[in-house]
Amino acid sequence: MKRFWMVYVEGKNAPTRLHPTEADALTEAARLVSMQRCIAYILEATHVVTQAEPPIISEKLSDD
């Protein structure tokens, strides 16, 4: 699984769109800030946690 980024706008609902690159997330954050005069945070996914029967597995996400 590849890493992804999301944009969180302070005081709004949870982010819903996955951005495949950091640059895409930064572009979206800039768009939102210019339209809404808000604070936006770039969130980076670093791990995925899943459950196999019975153990829980944690895997570090790759850069590529």
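Residues numbered from 1 in each chain as written. Predicted model: local features only at pLDDT ≥ 70, side-chain atom pairs only at ≥ 80, totals over all residues. Heavy atoms only, no water.

## Side note on the environment of L26
Item 1. Relative to the helices and strands, L26 is located in helix α1 (residues 22–36).
Item 2. Sequence separation between L26 and A52 is 26 residues; the distance between their C-alpha atoms is 34 Å. (Helix = DSSP H or I, 4+ residues; strand = E, 2+ residues; numbered from the N terminus.)

## As for the pattern of salt bridges
Item 1. Here the structure, examined in full by the defined rule, presents three salt bridges.
Item 2. Residue R3 is joined to E44 by a salt bridge in which the shortest nitrogen-to-oxygen separation is 2.3 Å. With R3 in the segment before β1 (5–9) and E44 in strand β2 (residues 40–44), the pair connects residues that are 41 residues apart, well separated along the chain.
Item 3. Exposure remark for R3: the relative accessible area of 24% places this residue in the partly exposed category. (Salt bridge = Lys/Arg side-chain N within 4 Å of Asp/Glu carboxyl O. Buried < 20%, exposed > 50% of the residue type's maximum accessible area, 1.4 Å probe, protein only.)

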